[in-house]
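Reading the structure
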There are 2 protein chains.
Amino acid sequence: MLAEIITIGDEILIGQIVDTNSAWMAKQLNLAGIKVKQITSVSDDEAHILEALKLAEERAEIILITGGLGPTKDDITKLTLAKYFNMGFRRDEETLEQVKSIFKRFNRPMIESNMKQADVPDGCIVIQNKNGTAPCMWFNHGSKVIVSMPGVPYEMMYLMDEEILPRLKAAFVLPNIVHKTILTANIGESFLAQQIEDIEDTLPAYIKLAYLPRLGQVRLRLSGSGEDESALRAEIESYARLIVDRVKTYVVIEDDIALEKVILDVMMAQGLTLSTAESCTGGYIAHLITTHPGCSAVFAGGAVAYSYELKESILGVQQETLATYGAVSEETVKEMASGAVGHFNTDYAVAVSGIAGPDGGTPDKPVGTVWIAVASKDRVEAKVFNFGNKRIQNIERSAIAALTMIINRLKEDDRFSG
Amino acid sequence: MLAEIITIGDEILIGQIVDTNSAWMAKQLNLAGIKVKQITSVSDDEAHILEALKLAEERAEIILITGGLGPTKDDITKLTLAKYFNMGFRRDEETLEQVKSIFKRFNRPMIESNMKQADVPDGCIVIQNKNGTAPCMWFNHGSKVIVSMPGVPYEMMYLMDEEILPRLKAAFVLPNIVHKTILTANIGESFLAQQIEDIEDTLPAYIKLAYLPRLGQVRLRLSGSGEDESALRAEIESYARLIVDRVKTYVVIEDDIALEKVILDVMMAQGLTLSTAESCTGGYIAHLITTHPGCSAVFAGGAVAYSYELKESILGVQQETLATYGAVSEETVKEMASGAVGHFNTDYAVAVSGIAGPDGGTPDKPVGTVWIAVASKDRVEAKVFNFGNKRIQNIERSAIAALTMIINRLKEDDRFSG
């Protein structure tokens, strides 16, 4: 079963926003056994939308459209869909009530363009959008399904989870899809591929292996489709065993979850606590950790110690250490990590101090030099990295390296068992 | 002049990664006077890539391709391009040297699949990729230009900035494009549109107004194209004046920059310092601030005080306050903000404490309840918000609200003048 995603709106084409919707939708569709053939972003232009719809219908059975349903003038998606399907308009009373209730809840004045949000092509099935004013519209077109959703991410996500995916599963016979992800770190993509080439060559046609590299990690993803789900799962698992045995030292976890979630799960199970002491990562590690619900059972908090003063006052780094070795040094980062363990009273702490750039580099310590330490109450260890001269990349790679160091330390300390 | 962007690779279509490249490229192209007609993501499939290339060439003059150039087996972009242009292959010596030097620098073993990265279609112009092993390939095809770049963001960005954009500007006659952005907050898109409808109606055909809403903010973007750049700029500026005068109270700044950058610029100019005290935002505000180079002149750092204990120990929140009013309360958040000003010795501090969810809500304080305070040495003020029941959205909207409150406070304190 093939689907296509079409996003409508100039904001993606002028680079004002990043299209995060399509990746999320693609992931959910894949998990449901629906392959995404193409993702297309087109402008708020009638002829262009009509062409994109026609081409998508030639390639796929399911077309999911997001965006172009807001109240301002440049939104012509709804008009274009009515034209494409040769339909007139009707005002949908349930949608109108929803629009009114939202304006009432936020105590905002309601104007004519808001009322028009309740107008829909008369041959579509309206699916109520509980989180916003733009309705979701489902069109049955011969054997094909075309759905138009609002572009606001959480409105789209709720509609997909609660309405669209269940309805698609009911409308189409979908194959069983089984995925298995192996997360590796500290190994390059091509070297990894060479290590497991012979295993990959023995995979049957219905099982694929994908290499998904990102920031010092490579995810290996085995995906299979078939009729007998449990047999397929067993077969994929046996290939996963072969791969894991071959590259064991690089395997972080056999699951498709974020590094910080691995840490939270392991530490939660062991009743351990964590804190952070961040300089150049500026709170990014704490942010990654705190995106996960329930993190407060493990994560006590931390310091974003950007200035020398805060490194001393919150973390207890010695003034002498900073003066002698500088903020970006093994000595300082170790005192930061140990200071966090002590001051924040946690079992483990991670500390990062580096030169994110673009300024602040020296011949000795060029931009991209990053010291990372992991401490427990009885032991602190540090490593130095160089991540090059791009600020954002330095922050991201430092965070990934720090999380990987915590995982390695938890493994060393035998915290993964049990 | 029209361009299209094609991304190649299953990782976008299975939702493994978000396509951030295309938005960045689209923004740069627009600034250079090149309009992006369509962005298309296709799989690692020869027939599909060939079709996408053909269709793109029918619509646009410039086709920029990213992705599908890595060393592992599923990368067939280069082979497909050679087929599309009916070319053979040659090994590019300069690229081979670059590949070798990168493997040498990272001290990694080099294997045959890495050598193959230096093979290119024999009719293309090779542009050296200084940051990676995959070469950038430029094809002149009649009056059209097709460029293939690696998908690694910083490799692509460097190539675009240093090579592709300058070469495109030399190869094509591009119009002058002038943009002007007005950032508003605390006003809905449709209400804003109604307020300035009559101004919008008077815009000439060559000046467009776009509404770009995101997380409690709406950016108004005037874009014009024409031959006389300075006349166009003056005309756009005069329309901007009309709009700003009409909705003055909602205007944050007349520029297309992030809220935290507004804060950094104003505080830097005034020699002021800032710290943060974050609970539910978990370091996200500090992260946003520290993505900007030079932020250390303003930002001292802060606390991610997730636990009660850290709120007391780092920020000096009274145990009694926490016990009486709870962590998510006006009293606590004010003590957090004042505590940050005092303990971190900064001119201003912002504090956030809320229930990000999905758990932790009560009838009195449902999930999404967020208190935010801004303090200076002599004054602290707090506001309560409710951002609904989505964790990530709560974190993001809390951060945006906190940054907006800092800006409003800096305006009240007359820090924007001069």
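Please read all numbers here as calculations on a predicted model, not as lab measurements.

Glancing now at the interface of chain A and chain B. Taken together, the contacts link 89 residues of chain A with 88 residues of chain B. For the chain A and chain B pair, buried surface summed over both sides reaches about 6900 Å², with 59% attributable to carbon and sulfur atoms. Where chain A meets chain B, there are 2 salt bridges. Residue A:E51 is joined to B:R59 by a salt bridge in which the shortest nitrogen-to-oxygen separation is 3.2 Å. Across the chain A-chain B interface, the total number found is 28 residue pairs in polar contact (both at pLDDT 80 or more).

Below, the discussion takes up the pairing of strand β9 (residues 176-185) of chain B. Residue and element names in this part refer to chain B. Within β9, 7 of the 10 residues are buried, leaving the element largely enclosed by the surrounding structure. Note: β9 against strand β11 (residues 217-226), 10 bridges, orientation antiparallel. Counterpart to T181 in the pairing with β11 is R221. The pairing of β9 with strand β12 (residues 251-253) spans 2 bridges and is antiparallel. Pairing of T184 across the sheet is with V251, part of β12.

Another aspect to go through is the pairing of strand β14 (residues 299-305) of chain A. Of all 7 residues in β14(A), 7 are buried, a share of seventy percent or more. Bridge count for β14(A) against strand β14 (residues 299-305) of chain B is 5 bridges, and the pairing is antiparallel. The partner of A:A305 across the bridge, within β14(B), is B:G301.

Here the focus is the pattern of salt bridges. Under the defined criterion, the tally for this structure stands at 46 salt bridges over all chains. A salt bridge links B:R246 to B:D198; the nearest nitrogen and oxygen atoms lie 2.8 Å apart. Highlighted residues: B:R246 in helix α10 (residues 229-246) and B:D198 in helix α9 (residues 197-201), separated in sequence by 48 residues. Judged by its relative accessible area of 37%, B:R246 falls in the partly exposed class. Three or more residues are tied together by salt bridges with common partners; here these are A:R379, A:E381, A:R409, A:E412 and A:D413.

Below, the discussion takes up the domain arrangement of chain A. Looking at the assigned domains, one finds that chain A contains domain 1 (2-171), domain 2 (176-253) and domain 3 (259-412). Between domain 1 of chain A and domain 3 of chain A, the C-alpha centre-to-centre distance is 43 Å.

On to the packing of aromatic side chains, then. If you walk through the whole model with that rule in mind, you get 8 aromatic pairs over all chains. Relative to A:F85, the ring of A:Y84 has its centre 5.1 Å away and its plane inclined at 85°; by these criteria the two rings are edge-to-face. Their ring planes at 15° and their centres at 4.4 Å tell us that B:F85 and B:F139 sit as a pair that is stacked. Placement of B:F85 in the loop between α4 (77-84) and β4 (89-91) and of B:F139 in strand β7 (residues 136-141) is noted, with a sequence separation of 54 residues between them.

Another point: helix α11 (residues 259-270) of chain A. Residue and element names in this part refer to chain A. End to end, α11 covers 17 Å across 12 residues, agreeing with the expected 16 Å (1.5 Å per residue, within 8%). Every buried residue belonging to α11 is among L259, E260, V262, I263, L264, V266 and M267, and all of these are buried. At the exit of α11 stands G271, carrying a positive phi of roughly 65°.

Here we take up the sheet that holds β11(B). Residues and elements named next belong to chain B. Strand order in this open sheet of 4 strands is β10-β11-β9-β12, and the pairing throughout is antiparallel. Of all the strands in the sheet, just β10 (207-214) and β12 have a single pairing partner and so form its edges. In this sheet, neighbouring strand axes are inclined to one another by 30° on average, regardless of whether the strands run parallel or antiparallel.

Residues and elements named next belong to chain A. Omega for the bond connecting G357 with P358 falls within 30 degrees of zero, at 5°, which places this linkage in the cis form. Mapping P358 onto the fold places it in the loop between β15 (348-354) and β16 (369-376). The phi dihedral of N86 is positive, around 55°, even though this residue is not glycine. Among the secondary structure elements, N86 is positioned in the loop between α4 (77-84) and β4 (89-91). Judged by relative accessible area, N86 falls into the exposed class, the value being 72%.

Let us look at the packing of helix α2 (residues 20-31) of chain B against helix α7 (residues 153-171) of chain B. Residue and element names in this part refer to chain B. Running from N to C, α2 and α7 cross one another at 25°; their axes reach a closest spacing of 11 Å. Between α2 and α7, the interaxial angle falls into the category roughly parallel. For the element pair α2 and α7, the recorded crossing hand is right-handed. Contacts between α2 and α7 involve N21, W24, M25, Q28 and L29 from the first element and P153, M156, M157, M160, D161, L165 and L168 from the second. Residues of the contact of α2 with α7, tallied by class, amount to 9 nonpolar, 2 polar and 1 charged.

For B:G283, the position within the fold is in the loop between β13 (274-278) and α12 (284-290). When the C-alpha positions of B:G283 and B:D228 are compared, they lie 46 Å apart, and in sequence the two are 55 residues distant. Ignoring sequence-local partners within four residues, the contact set of B:G283 consists of A:G282, A:G283, A:H287, B:E278 and B:V304.

The rules we used
- Residues numbered from 1 in each chain as written.
- Chains lettered and ligands numbered in written order.
- Predicted model: local features only at pLDDT ≥ 70, side-chain atom pairs only at ≥ 80, totals over all residues.
- Heavy atoms only, no water.
- Contact = heavy atoms within 4.5 Å.
- Buried area = accessible area lost by both parts, 1.4 Å probe.
- Salt bridge = Lys/Arg side-chain N within 4 Å of Asp/Glu carboxyl O.
- Polar contact = N/O pair within 3.5 Å; in protein donor to acceptor, adjacent residues only side chain to side chain.
- Buried < 20%, exposed > 50% of the residue type's maximum accessible area, 1.4 Å probe, protein only.
- Helix = DSSP H or I, 4+ residues; strand = E, 2+ residues; numbered from the N terminus.
- Pairing = 2+ DSSP bridges.
- Domains from an automatic or database assignment.
- Phe/Tyr/Trp six-rings, centres within 6.5 Å; stacked < 30°, edge-to-face > 60°.
- Expected span 1.5 Å × (residues − 1).
- Axes fitted to C-alpha atoms, helices over the stretch in contact; angles between N-to-C directions.
- Parallel < 35°, antiparallel > 145°, perpendicular 65-115°, else oblique.
- Left-handed = near helix turned anticlockwise from the far one by under 90°.
- Nonpolar A, V, L, I, M, F, W, Y, C, P; charged D, E, K, R; others polar.

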